[in-house]
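Letter by letter, the chains look like this.
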Amino acid sequence: VSIPLSSGATRLVAAAILTFLLIYRTEDLWVLKICIKYSSGDAREQRAFELIGGRATTTTHPGLGCLQRPSRQFTIVSSRSGHHQCFLLSPSACHVEEAWCVLGDLPLALAKEVLENTLRALDFLHVECRLVHTDLKLDNIMLGFADNNVLTGYVEELKKNPERCKVHQGRDGDKYPVIKAKPFVLTKDSFAFPQLNDLGESVEIPVINMGYAGPRLCSPKAFRTPETILARPFNEKIDVWMMGCLTLQMLTGRIPIIPHGPNQPWTDAFTLAQHHALLGPPPPAFLAQSVNVREYWAEDGTWTHPEHDVPKIELEDLLEVVEDKKTREDALDFVRCCLQWLPQDRLSAADLVKHRFLAGEPKAALWRRLEEWEKRAVPQSTDTPTYTTFEIPQEYEADNTSTSDFAHED
Amino acid sequence: LLWYGHQPPSPASLTSLGSAHTYLASPAANSTFFLPSTTTTNHHSKISRAATMPVPLGATLAEIEEAFAHQGGVQIAQTDLVGEETLTRFDSTIWFAVQVGDVLEDRYEVLGKVANGGSSTIWFVRDEQ
């Protein structure tokens, strides 16, 4: 190199190359989700991404950016364990619960950002993709990285201190390597833009309307809606109900609907009793809809189930921990818009975004970060699967074991 | 079948790939437990396993422990449950076996494990293309 290093142009070129290398170094790092042996859940997730991919090129809906979607999906085959669906994702810092642990407290601004982004993503899913998420919970909402230093630091750490391998002795002499996961080292400035994740439990609205998706499939036990407990037809408004539960959880630090005692399962009767306590007696239209309501309510809406009484707790009591009076009142109204006996009485995700509880926050910073996030976002995949004729898997009805459950880790 | 193992923690393992020959030259490969293997027969051709096989098939637990002893750090006791093992109804035969250093789809090098879910494992990978 004969050009003097002090020359301005050389420095500029060097800086450009360095920048390029830095960008390159972070751009080629990904997170790969490898599912267990091909199952109905993968089919649903794959189908969901097909639907989203079909809309992604034409839509201008802001919810698309609030949804974590893979840049590639492929299948790997192992002679030992069969076919596995893989999803290649950009790395996220952590989910909301982890962020809550790191911060020690969930700031109201972050909670609102999480709610708003999730609602936007849900509106996109409901309206444009005709999909119901059905599995909303805090660990399915991911927070992006605010800076990529965490990532490079993480790679260094992996090099220096790799986790050790252990051999799991499975059934039939199967040997399986297990290593401990190494979490990212996060500080309170590490995370940014929330994105909705995990469409593994999502159901298509047409499939629901045809009656192929049983209500037993839906939602974490703690967030089940009255209509799914009573095995009635349901629609995308179950997502809105779950948003109400999430709001309460984030503002009060407690899941609103709890089991009867420690280590007890969520029973139908006690869950409905708590719904009755929080929402008041169900309206006549609700009581007129199906036969099995008579197990729980008399014709005038009084609770009659012999096993449990209606607990003495109201929405106002739950929200008492919120100190600011205006926030408390707005939050109460917001939750009331989500938690309603009848699905048609709940607001849609699009209307909830405009609710005054979410308004008033300075959005400029948020949108700037969204733009940054989208700049980093993945190019449209070339091997996105094309539309195929969709056979409704038999498992939609039969498989209710995959429903998420707060009581168990899986 | 090759089924598990952890490649020696040499710096080369994270920077260069297809490095079976590197391992043959590295001191760790002198261990009798390391059988050189260039490509895996475990999976279809899209997955290559750069690591040498650390333990012969049918090794006793003591031999497995010994084979992993060079890794440094604290050995996980066979009785301790880590990661997906803690799940209720965990059945290893339907989980894909991944090791650090594996290259999937001929381009994604596994650098480490980020987390595991109820029905998936999540790995940190580098795209080599």
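Residues numbered from 1 in each chain as written. Chains lettered and ligands numbered in written order. Predicted model: local features only at pLDDT ≥ 70, side-chain atom pairs only at ≥ 80, totals over all residues. Heavy atoms only, no water.

Draft legend 1. Structural view of the pattern of salt bridges. Residues and elements named next belong to chain A. Overall, the coordinates contain 23 salt bridges over all chains when judged by the stated rule. Note that E50 and R47 form a salt bridge whose closest N and O atoms lie 3.3 Å from each other. Residue E50 and its partner R47 are located together in helix 2 (residues 40-56), separated by three residues, close to a single helical turn. Summarising the burial analysis for this pair, E50 and R47 share the class buried. In this structure, the salt-bridge partner of D333 is R356, at a minimum N-O distance of 3.7 Å. One end of the pair, D333, is in helix 12 (residues 325-338); the other, R356, is in the loop between helix 13 (349-353) and helix 14 (364-376), and 23 residues separate them in sequence. (Salt bridge = Lys/Arg side-chain N within 4 Å of Asp/Glu carboxyl O. Helix = DSSP H or I, 4+ residues; strand = E, 2+ residues; numbered from the N terminus. Buried < 20%, exposed > 50% of the residue type's maximum accessible area, 1.4 Å probe, protein only.)

Draft legend 2. Representation of the environment of D91 of chain B. With respect to the helices and strands, the residue D91 of chain B is situated in the loop between helix 3 (61-68) and strand 1 (103-104). For D91 of chain B and A115 of chain B, which are 24 residues apart along the polypeptide, the C-alpha to C-alpha distance reads 18 Å. A polar contact is formed between the side chain of D91 of chain B and the side chain of R171 of chain A, at a distance of 3.0 Å. (Polar contact = N/O pair within 3.5 Å; in protein donor to acceptor, adjacent residues only side chain to side chain.)

Draft legend 3. Structural detail: the nonpolar core. One finds I52, L125, F184 and M250 of chain A together with F124 of chain B to be the most contacted residues of the largest nonpolar core, which totals 87 residues. Among the elements that make up this core, the one with the highest residue count is helix 8 (residues 237-252) of chain A (10 residues). Listed in part, the 17 residues of the second largest apolar core include C86 of chain A together with V98, L104 and V110 of chain B. (Core = buried A, V, L, I, M, F, W, Y, C linked by side-chain atoms within 4.5 Å.)

Draft legend 4. Focus on the environment of R69 of chain A. Within the element layout of this structure, R69 of chain A appears in the loop between helix 2 and strand 2 (72-78). The spacing of R69 of chain A and N140 of chain A is 71 residues in sequence and 13 Å in space, taken between C-alpha atoms.

Draft legend 5. Representation of the pairing of strand 7 (residues 165-169) of chain A within the structure. Residue and element names in this part refer to chain A. Strand 7 sits mainly inside the fold: four of its five residues count as buried. Here strand 7 runs beside strand 8 (residues 175-179); their pairing, made up of five bridges, is antiparallel. Among the inter-strand pairings, Q169 is bridged to a residue of strand 8, identified as K175. In this antiparallel pair of consecutive strands, strand 7 and strand 8, the connection spans five residues, and D172 shows a positive phi of 55 degrees. (Pairing = 2+ DSSP bridges.)

Draft legend 6. Main features of the sheet that holds strand 9 (residues 191-196) of chain A. As summarised here, the arrangement of the three strands in space is 4-6-9 (chain A), forming an open sheet in which the pairing is antiparallel. Only two strands of the sheet have a single neighbouring strand rather than two, namely strand 4 (94-95) and strand 9 of chain A.

Draft legend 7. Focus on the pairing of strand 3 (residues 82-89) of chain A. All names here are of chain A. The buried fraction of strand 3 amounts to seven of the eight residues, a majority that puts the element mostly inside the structure. As defined by bridge partners, strand 1 (residues 29-37) adjoins strand 3 across five bridges and the pair is classed as antiparallel. Bridge pairing in strand 3 links K33 to F87. Where strand 2 and strand 3 come together, seven bridges link them in antiparallel fashion. Looking at strand 3, one finds that I76 is bridged to H84. The hairpin turn running from strand 2 into strand 3, its antiparallel successor, is three residues long.

Draft legend 8. Focus on the sheet that holds strand 2 (residues 108-116) of chain B. Read across the sheet, six strands follow the order 2(A)-3(A)-1(A)-3(B)-2(B)-1(B) without closing on themselves; strand pairing throughout is antiparallel. Each of the sheet's edge strands pairs with one partner strand only, and the pair in question is strand 2 of chain A together with strand 1 of chain B.

Draft legend 9. Spatial organisation of helix 9 (residues 268-279) of chain A. All names here are of chain A. Relative to the 16 Å expected for 12 residues at 1.5 Å per residue, helix 9 spans 16 Å between its end C-alpha atoms, a close match to the ideal helical length. The element helix 9 is largely enclosed, with a buried count of 10 among its 12 residues. Looking only at helix 9, the buried set comprises A269, F270, T271, L272, A273, Q274, H275, H276, A277 and L278. Looking at the buried side of helix 9, the elements it contacts are helix 7 (226-229), helix 8 and helix 11 (315-318). (Expected span 1.5 Å × (residues − 1). Contact = heavy atoms within 4.5 Å.)

Draft legend 10. Fine view of helix 8 of chain A. Residue and element names in this part refer to chain A. Here helix 8 is 16 residues long and its end C-alpha atoms lie 23 Å apart, about the 22 Å a rise of 1.5 Å per residue gives. Most of helix 8 is tucked away: 16 of the 16 residues are buried. Backbone geometry just downstream of helix 8 places G253 in the positive-phi region, at approximately 75 degrees.

Honestly, that's just the spatial picture; any functional story needs more than this.
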